[in-house]
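Structural features, examined
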Amino acid sequence: DRLARFFQGPEAPAAAKPAAGPELAKAQHWTYLPKVAWTAAGTPIDYEVPEQDRTWYAFHRSWAEQMAARDAPDDDQRLVMVEVGEDQESMWPTLRPGAVLVVDRGREGKGITALEEVRQGRIYLCRPGDEGITAKYVTVDRRMGALVLSSDNPDRERYPPLLIPLRGLELQRVLLGLVGHVGQDLAPRARPRRGHGDHKGDRPSKADLASMIGKVK
């Protein structure tokens, strides 16, 4: 029923999209979210890109308000679309290569700025050090004093949990945005080329994390 309500109402304009980014959210009943490159997901959106090179997704305005906040459709830096690359297998099978993610980057696209904003166990777009941008399950372990980034892929040798000390952490540099919705092909696919198992991997236990405490740098 909720999905049906989102698809009711005036038909989304097929081609008449405003040229300037801030004008996109002013279209009646609809808001347009830009698709950005995976590597650009943590940077301000560049609306100087030629229009023929832009990709936009139309969503009902009420959906965008539910997704993030009432002011989200008017904040042209907040909600973006990101496609999971063909070599991005750390969150398989939950996020498959080619999946399109709706990411809430917070007000003005500034990322997650306080630990109180972190939703335990949810998927975030992250930048853990020099390893580039990736999607991970995120939990805050105050006992260990660390931010725990976990993969879904059961191959723990390739995708071990990442522990980031909370002390001195500039959170918005690590947590770029909350992954709120996913669009992907549900057709059966082969498992990752180098992965193992055919089920959702277990997240690390407290004992596993405790054994890694010496690896927190």
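Refer to the structure printed above.
Please read all numbers here as calculations on a predicted model, not as lab measurements. (Residues numbered from 1 in each chain as written. Predicted model: local features only at pLDDT ≥ 70, side-chain atom pairs only at ≥ 80, totals over all residues. Heavy atoms only, no water.)

**What to know about the nonpolar core**
- By size, the foremost hydrophobic cluster in this structure holds 19 residues, and its most contacted members are W38, V82, L101, V103, I123 and L125.
- Dropping the residues within four chain positions of it, L101 is found in contact with W38, V80, M81, V82, V84, L95, V179, H181 and V182.
- With 15 residues, the next largest nonpolar core counts C126, V138, L171 and L178 among its residues. (Core = buried A, V, L, I, M, F, W, Y, C linked by side-chain atoms within 4.5 Å. Buried < 20%, exposed > 50% of the residue type's maximum accessible area, 1.4 Å probe, protein only. Contact = heavy atoms within 4.5 Å.)

**Structural notes on the sheet that holds strand β7 (residues 146–150)**
- Reading across from one edge, β2-β1-β3-β4-β9-β5-β6-β7-β8 is the order of the nine strands in this open sheet, with mixed pairing throughout. The sheet terminates laterally at β2 (56–60) and β8 (162–165), the two strands that pair on one side only. Along the sheet, successive strands turn relative to each other by an average axial angle of 40°, direction set aside.
- Relative to strand β6 (residues 134–141), strand β5 (residues 122–126) is paired through five bridges, and the arrangement is antiparallel. Bridging across to β6, R122 finds its partner in V138. (Pairing = 2+ DSSP bridges. Helix = DSSP H or I, 4+ residues; strand = E, 2+ residues; numbered from the N terminus. Axes fitted to C-alpha atoms, helices over the stretch in contact; angles between N-to-C directions.)

**Thoughts on the pairing of β7**
- Burial within β7 is extensive, with five of its five residues counted as buried.
- Because side chains alternate across β7, one face comprises the buried residues A146, V148 and S150, and the other comprises L147 and L149, equally buried.
- Linking β6 to β7, which pair antiparallel, is a turn of four residues; within it G145 sits at a positive phi near 70°.
- By the bridge criterion, four bridges tie β7 to β8 in an arrangement that is antiparallel. Opposite L149, over in β8, you have L162 as the bridge partner.

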